[in-house]
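What follows is each chain in one-letter form.
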Amino acid sequence: MKGNNFSIEWVEKYLKALLTMNEIEFPKQHDLEELLSLLLKKDPFLATIRNDLEKLTPYAVRFRYPGDEVPAKEVNEAVIITKCLRIILRKKLGLKTK
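In this report, the structure presented in the accompanying data block is examined. (Residues numbered from 1 in each chain as written. Predicted model: local features only at pLDDT ≥ 70, side-chain atom pairs only at ≥ 80, totals over all residues. Heavy atoms only, no water.)

## A closer look at the overall build of the protein chain
Then, in step 1: Scanning the protein chain for helices and strands turns up 4 helices and 0 strands.
Then, in step 2: Counting helices and strands in the order they occur from the N terminus, the protein chain gives α-α-α-α.
Then, in step 3: Split into buried and exposed, the 98 residues of the protein chain put 40% on the buried side.
Then, in step 4: Restricting to contacts in the protein chain with at least 6 residues of sequence separation, those with at least 24 account for 56%.
Then, in step 5: By element, 56% of the accessible surface of the protein chain is carried by carbon and sulfur atoms, the whole surface being about 6,200 Å². (Helix = DSSP H or I, 4+ residues; strand = E, 2+ residues; numbered from the N terminus. Buried < 20%, exposed > 50% of the residue type's maximum accessible area, 1.4 Å probe, protein only. Contact = heavy atoms within 4.5 Å. Areas by Shrake-Rupley, 256 points an atom, 1.4 Å probe, with all protein chains shown as cover.)

Okay, structure coming up:
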């Protein structure tokens, strides 16, 4: 997964920024779905991104460090998902999307 792992980390950081903005405490972890579940209490609309986060969570944990490789097709799918999530989460944070 190498370089694309950074984009998955961005998704994690955006989720944690939303949690902080909403004054929701969160554990020190990399489980994107768990972070989302905490956010849903304040913003049920975010449930629409659950399926995408389910696809990314294994990469956020398993491929966080060097060693394992992911097939190119999966990497491409993860890139598309993270680009879409970036737009959604940045809007929620009141940030520019481009």
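## Re helix α4 (residues 72-92)
Then, in step 1: Helix length check: α4 (21 residues) gives 30 Å between terminal C-alpha atoms against 30 Å at 1.5 Å per residue, within 8%.
Then, in step 2: Every buried residue of α4 is listed here: Val-75, Ala-78, Ile-81, Thr-82, Leu-85, Leu-89 and Arg-90. Seen from one end, α4 has its buried residues packed into an arc of 155°, which puts them on one side. The exposed set on the far side of α4, more than 90 degrees from its buried face, consists of Lys-73, Ile-80, Lys-83 and Lys-91.
Then, in step 3: In the stretch just after α4, Gly-94 is the one whose phi turns positive, near 75°. (Expected span 1.5 Å × (residues − 1). Arc of directions from axis to C-beta.)

## Notes on helix α2 (residues 32-39)
Then, in step 1: Along α2, the residues that are buried comprise Leu-32, Leu-35, Leu-36, Leu-38 and Leu-39. Buried residues in α2, looked at end-on, bunch into an arc of 155°, giving them a common side.
Then, in step 2: One side-chain oxygen at the N-terminal end of α2 lies 3.0 Å from the backbone nitrogen of Glu-33; it belongs to Asp-31. (Polar contact = N/O pair within 3.5 Å; in protein donor to acceptor, adjacent residues only side chain to side chain.)

## Examining the environment of Leu-46
Then, in step 1: Counting through the fold element by element, Leu-46 comes out in the loop between α2 and α3 (50-62).
Then, in step 2: Looking at Leu-46, the relative accessible area reads 1%, which means it is buried.
Then, in step 3: Put simply, Leu-46 and Leu-89 are 43 residues apart on the chain and 9.0 Å apart in space, counted from C-alpha to C-alpha.
Then, in step 4: Residues in contact with Leu-46, not counting those within four places in the same chain, are Leu-18, Leu-36, Leu-39, Leu-40, Ile-88, Leu-89 and Lys-92.

Geometric values such as these leave the question of function open.
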